[in-house]
Every structure is written in structure tokens, then in C-alpha cells.
Amino acid sequence: MYSLHLCNNAPMIDWQDLLHFVVLARTGSLSAAARTLGVDHATVGRRIAALEHALDLRLVDRLPRSSPLTSDGRAIAELAMEIEEKVEAIRRYSRGAAAKPASAIRVSAPPSIAARLVAPNIPDFRRRHPDITLTLSGSTEAAALDRGEAEIAVRMTRPEEADLLVRRIGTMRFGLYALPKVAAQPPESWSFIGYDLRLDHLTQQAWLNSLLAGRQIVFRAGDVFGQQEAARAGLGVVALPVFLGDADPVFVRLPTAVPSPARDLWLVTYPDLRRSPAIRSVMDFLSEIVGKACQIRE
């Protein structure tokens, strides 16, 4: 148990109590905090009560469906989040400085890059680096590196955090694709396949929307692979990353009235992790395979 002394006669603060309180502050309820932490809500409540006792302050207003912070709770949460960031920085430094011959490294990337660029090249990476085990997560959400969700991330938006190490490694381009029999139909009769409405803000979806000209999106999916499979079945026209669409032999690429978008790809980690030879090897691997398939635009 990690504890912090307030003063000679005051109770000690258990870091785990602080951690549970920070998660409660972020999520807003005992049940949500419990799900995030993987414990039951009674454990979260017990931890918060222990922290309130140690500080001699009421931090939370306990309501039936939520747990809003008191003014003291908001002030303590802000300070505790700073402590959490420092603790995570210590963990990152230790991972980078240890430089053990055998390493486990987590990588986050957009689903299409993770599945179609990174995963197929893992055998070659493994032959060159048999002591490095990669855990790959394909997600449209940006992994929170500051909370240890990944050591390295490939992102389609340049991060704004000043303390991150950021490198541009490629440019993702998009095209419009369909089966030849669909492409042969009059363009005004085409049906389209797109993203779930909650992802309507994506650059590629905004581009697809600009091409509709009154035509319908007849199917939506939350990931690009569901869209690709629907187009392979002949449902309609789909917007895909060029490296994905051009590699699929059943498709033809369609001409478009509006130029296709391009999104820069960024490799992201923390500078203190960069000290690790294993981290550097994974970063070089990602830069190589992404740069080859998605050449950087001038």
C-alpha cells in the first residue's frame, strides 16, 4: 500500500483511495467508476469514505444516480489528477529506462492500419525482434497514452499535447470503390455505403456526403471492414483508404467530381519511452510499413 503523510498527527492518505477518487471524478458515478476500475461499487464507496476520513473533508454529494463533487472535492480532484500524471510519468520512465531484452509493447492504430498494414507484417517484425511481443489495438478512438493505454500510437490527427514525441509517417488517401457491375450502372442510380451517423464527422465520411447529390446511403457500419464487405456483396459504392481499396481485386476505383481527401498519419509516444531500444524498434517498424503503403504527401 502506498501512503502519503499529511502531517505528523494526521491519518495517512492511501494512494489507491486517491486513484479511486480520481476515477469517480472523471466518470461522475460510483457504478461508472466501478466499471472503469473493474471493482464493485461498494469498493469505490469504501475508498472514497476512507479518503474523506483521512482528509477530514466531504468530497462527494451522494445522490441516488450520481456522485457530484463538492467544492472541496473538485479542488482535491484537480490536485490528485496532477499526482496521477506524475505517477504515470514515473512508470513510463521506468519502462523506458529498464530496456530489458524481452519487452511487451502496446500499439494503438486506426482499425484499417492495424488490421491490413501492421498485423500482416508482424511475422517479419517477430523474426527480426523475437524478444519483443506486440499487443495491437485497432480503434477509431485515440488511446490515452497518459493513462498507459498504449506506449505507441498511430493517429490520423496531430496531437496537441506539448509533451508528446510526434512524427509524421505517412498520408492516408481515399478513393471511391464498387464492384464492376455496380460501377457499370448509371451514376445517378448508385447507392452508397457509409459510416454510422455518430462518425459523420470523419473526413472520409464528409467527403462521401459531398458526393451524394441526392442519392441514398443504404447501409451504415461503425467500421470500415463492415462497409467493405457490404460493397463486396454488391450493395453499393463505398469510400475506402486507397491502400485497402486498391488491394481488393473485386473492386474498381470510380472517378469523382470532388477530389478525394488526404489525412496525415502521426506516430506518437512519450520522449522518456524513446530511450528504450524496443520502443525505437517498434517505431521504426511502424514508420517503415505505414510510409511504404501511405507515402507522405509533399
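Refer to the preceding data block for the structure.
So, how was this worked out
Residues numbered from 1 in each chain as written. Predicted model: local features only at pLDDT ≥ 70, side-chain atom pairs only at ≥ 80, totals over all residues. Heavy atoms only, no water. Salt bridge = Lys/Arg side-chain N within 4 Å of Asp/Glu carboxyl O. Helix = DSSP H or I, 4+ residues; strand = E, 2+ residues; numbered from the N terminus. Buried < 20%, exposed > 50% of the residue type's maximum accessible area, 1.4 Å probe, protein only. Expected span 1.5 Å × (residues − 1). Polar contact = N/O pair within 3.5 Å; in protein donor to acceptor, adjacent residues only side chain to side chain. Pairing = 2+ DSSP bridges. Patch = residues over 30% accessible without salt bridge, like charges linked within 9 Å, V, L, I, M, F, W, Y side chains within 5 Å. Areas by Shrake-Rupley, 256 points an atom, 1.4 Å probe, with all protein chains shown as cover. Arc of directions from axis to C-beta.

Student: Hey, could you go over the pattern of salt bridges for me, with residue numbers and the actual values?
Tutor: Counting across every chain of the model gives 13 salt bridges. Across the salt bridge formed by aspartate 264 and arginine 168, the nearest N and O atoms sit 3.5 Å from each other. Taken together, the positions of aspartate 264 in strand E11 (residues 262-269) and arginine 168 in strand E6 (residues 165-178) put the pair 96 residues apart, joining distant regions of the chain. A residue is classified by how much of its surface remains accessible, and arginine 168, at 34% relative accessible area, is partly exposed. Between glutamate 229 and arginine 232 there is a salt bridge, with its nearest N and O atoms 3.9 Å apart.

Student: An account of helix H11 (residues 277-293) is requested, with residue identities and associated values reported.
Tutor: Taking 1.5 Å per residue, 17 residues should reach 24 Å; H11 reaches 25 Å between its end C-alpha atoms and fits that length. Turning to H11, its buried residues number three or more, namely Ala278, Ile279, Ser281, Val282, Met283, Phe285, Leu286, Ser287, Ile289 and Val290. N-capping of H11 is provided by serine 276, with a side-chain oxygen placed 3.2 Å from the backbone N of alanine 278.

Student: I'd like a description of unusual backbone geometry, backed by residues and values.
Tutor: Note: most residues except glycine have negative phi, and most peptide bonds are trans. One non-glycine residue, aspartate 56, lies in positive phi territory at about 60°. Within the element layout of this structure, aspartate 56 appears in the loop between helix H3 (41-55) and helix H4 (71-98). Assessed through its relative accessible area of 67%, aspartate 56 is described here as exposed. You will see that alanine 213, though not glycine, has its phi angle at about 50°, which is positive. Summarising the element assignment, alanine 213 is placed in the loop between helix H8 (203-211) and strand E8 (217-221). Take alanine 213: its relative accessible area is 72%, and that puts it in the exposed class.

Student: Lay out the pairing of strand E3 (residues 103-109) in plain terms, naming residues and giving numbers.
Tutor: Among the 7 residues in E3, 5 count as buried, and that is most of the element. The pairing of E3 with strand E5 (residues 152-155) spans 2 bridges and is classified as parallel. Bridge pairing links serine 108 to alanine 153 in E5.

Student: I'd like a rundown of a nonpolar patch on the surface, residues and numbers included.
Tutor: On the surface, a nonpolar cluster with roughly 220 Å² of combined accessible area is contributed by Val218, Phe219 and Leu235. Inspection of the secondary structure assignment puts phenylalanine 219 in strand E8.

Student: Any details on H8? Residues and values, ideally.
Tutor: For H8, every residue scored as buried is listed here: Gln204, Gln205, Trp207, Leu208 and Leu211. The arc that holds every buried residue of H8, seen down its axis, measures 155°, which confines them to one face. Alanine 213 lies just past H8 and shows a positive phi near 50°.

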